[in-house]
Amino acid sequence: MILDRSAIRNILVIKLRAIGDVLLSTVVLPFLRHEFPDARIDFLCEIPAAGVVQGNPHINNVLVFDSKSENGLSLIFRIRRGSYDLVIDLFGNPRSAIVTLLSGARHRVGYRFSWRQYCYSVVVNPRGGEVHNAEFNLDALRALNIPVGSQEPYFPLGAEARLFADEFIRVNNLEHSFLLAINAGGGWYTKRWRADSYASLLRRCCEEFDLRAVLIWGPGEVDAVRAIAGKVGQGAVITPPTTIPQLGAILQRCTMMVTNDSGPMHIASAVGVPVVAIFGPTNPRFQGPLSPRSEVVRKEELDCLGCNLTACPIGNPCMEALSVDQVYQTVKRFISELHTSSIERHG
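Residues numbered from 1 in each chain as written. Predicted model: local features only at pLDDT ≥ 70, side-chain atom pairs only at ≥ 80, totals over all residues. Heavy atoms only, no water.

Student: Sorry, what's going on with the pairing of strand β4 (residues 86-89) here?
Tutor: Neither face of β4 is exposed, since Leu86 and Ile88 on one face and Val87 and Asp89 on the opposite face are all buried. The pairing of strand β1 (residues 10-14) with β4 spans four bridges and is parallel. Residue Val13 lies in a different strand from β4, and its bridge partner there is Ile88. Strand direction decides the pairing type here: β4 and strand β5 (residues 107-111), joined by three bridges, are parallel. Each residue of the ladder has a partner; that of Leu86, found in β5, is His107. (Buried < 20%, exposed > 50% of the residue type's maximum accessible area, 1.4 Å probe, protein only. Helix = DSSP H or I, 4+ residues; strand = E, 2+ residues; numbered from the N terminus. Pairing = 2+ DSSP bridges.)

Rendered as structure tokens:
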């Protein structure tokens, strides 16, 4: 579709739900800003992911939706007050589709999902099972004939978040340590490697290498993290409660990360931290970290990998049967390579 660029003054991008999905959607923003340098570009997301886009230099305002305190009708009226000329729905669930339809925008872009496709004036063929989620998002711009290229997700790191991370490093005497970040959490239980396995991995790493483990956590995860730390001993440090930007700043100070498929995995990748990512029910081809400094570990011999099930009927073997040694061998290689590159830089 060819747009009258001069008539596009107010733009809304919609991406609801998960932190990682919102972060991957930021790949569209530089190209959108380049195409409409003088437009107001707003971004609608939900509360947990707001920190992923607040401070992004390519947008003007972050609109936050709290489904617990605001109903859909109120959200629609709020969006209509924005007088948007172009709305791009990168989420495509019933709520976001209806909000897009009733936004008042002349140009409404979204994906060909069942009845929801009729909410849009520009319909995009979804390639969710063919390309990475970042490319899935960029397809919305391609449908508008907006030039796109290779782009990493952008994670904003402000001064306050950096100072928070500096203080965490100082208080825990981590300034000169090799910091191995650990994320044992994840949205679905089927995506979480066993806590006992993480503890065994960390004990082995601490015995073999001179490093400190930085255990991050999110809502509802602190008890599990404390249990892991208790089995590791003095080599493990638990982060304090953090905002999303503070978490990103701490991760940036780490040397590498071992993680389940999760929002923090994508944050670490976006801030340049080498990542060893453990995958099972999700497919790294479509949801994996985009950084070239990353590697995925899976129980490759299983036929059911990439099932996308949030509940497993056969005991979650992709996580339960993934051995500590398999993950350790990949982590060991990463640690050795990072030590070597550090020596070469300072030699």
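Continuing now.
Student: Please clarify how the nonpolar core should be interpreted in this entry.
Tutor: Side chains that are nonpolar tend, in soluble globular proteins, to be buried together. Core analysis: the biggest nonpolar cluster contains 63 residues, and Leu32, Phe36, Leu86 and Ile88 have the highest contact counts within it. Those residues in contact with Leu32 that lie beyond four places of it in its chain are Ile11, Val13, Ile41, Ile88, Leu141 and Ile146. (Core = buried A, V, L, I, M, F, W, Y, C linked by side-chain atoms within 4.5 Å. Contact = heavy atoms within 4.5 Å.)

Student: When you look at the pattern of salt bridges in this model, what are you seeing that I'm missing?
Tutor: Oppositely charged side chains are able to pair whenever their charged atoms sit close together. Scanning the entire structure with this criterion turns up 20 salt bridges. Of the charged contacts, one joins Asp139 and Arg127 as a salt bridge, the two residues approaching to 2.7 Å between their closest N and O atoms. Of this pair, Asp139 sits in helix α6 (residues 133-142) while Arg127 sits in the loop between β6 (122-124) and α6, and the two are 12 residues apart along the sequence. For Arg127, a relative accessible area of 27% puts it in the partly exposed group. Between Glu208 and Lys332 there is a salt bridge, and its shortest N-O distance comes to 4.0 Å. Of this pair, Glu208 sits in helix α8 (residues 195-208) while Lys332 is found in helix α14 (residues 324-346), placing the two residues 124 residues apart along the sequence. Exposure remark for Lys332: the relative accessible area of 30% places this residue in the partly exposed category. If you follow the salt bridges from partner to partner, you end up with Arg127, Glu135, Asp139 and Arg142 in one network. (Salt bridge = Lys/Arg side-chain N within 4 Å of Asp/Glu carboxyl O.)

Student: Explain unusual backbone geometry here, please?
Tutor: Among all residues save glycine, negative phi is the norm, and among peptide bonds the norm is trans. Positive phi outside glycine occurs at Ser114, with the angle close to 35°. Examined against the element boundaries, Ser114 turns out to sit in the loop between β5 and β6. Given the relative accessible area of 45%, Ser114 is considered partly exposed. Non-glycine residue Asn145 carries a positive phi angle of around 60°. Note that Asn145 resides in the loop between α6 and α7 (159-171).

Student: What's the story with the pairing of strand β7 (residues 178-183) in this structure? I'm lost.
Tutor: The element β7 is extensively covered by neighbouring structure, given that six of its six residues are classed as buried. Burial of β7 is two-sided: the residues Phe178, Leu180 and Ile182 facing one way and the residues Leu179, Ala181 and Asn183 facing the other way are all buried. Bridging between β7 and strand β8 (residues 211-216) involves six bridges; their strand directions are parallel. Residue pairing for β8: Ala181 is matched across the bridge by Val214. For the crossover that starts at β7, traverses α8 and ends in the parallel β8, the hand is right-handed. (Right-handed = clockwise from strand over helix to strand, strands pointing away.)

Student: What's the story with the state of the cysteines in this structure? I'm lost.
Tutor: Covalent bonding between the sulfur atoms of two cysteines defines a disulfide. Inspection of the entire model under this criterion finds zero disulfides. With no disulfide of its own, Cys304 has Cys307 as its nearest cysteine by sulfur position, at a separation of 6.0 Å. (Disulfide = S-S within 2.5 Å.)

Student: How do you make sense of the sheet that holds β8 when you look at a structure like this?
Tutor: Taken in spatial order, the six strands line up as β9-β8-β7-β10-β11-β12 in an open sheet, and their pairing is parallel. Two strands close off the open sheet at either side, each with one partner strand: β9 (236-238) and β12 (294-297). This sheet shows a mean twist of 20° between the axes of neighbouring strands, independent of strand direction. Its contacts with the sheet put α8 on β7, β8, β10 (256-260) and β11 (275-278), and the angle it makes with β7 is roughly 175°. (Axes fitted to C-alpha atoms, helices over the stretch in contact; angles between N-to-C directions.)

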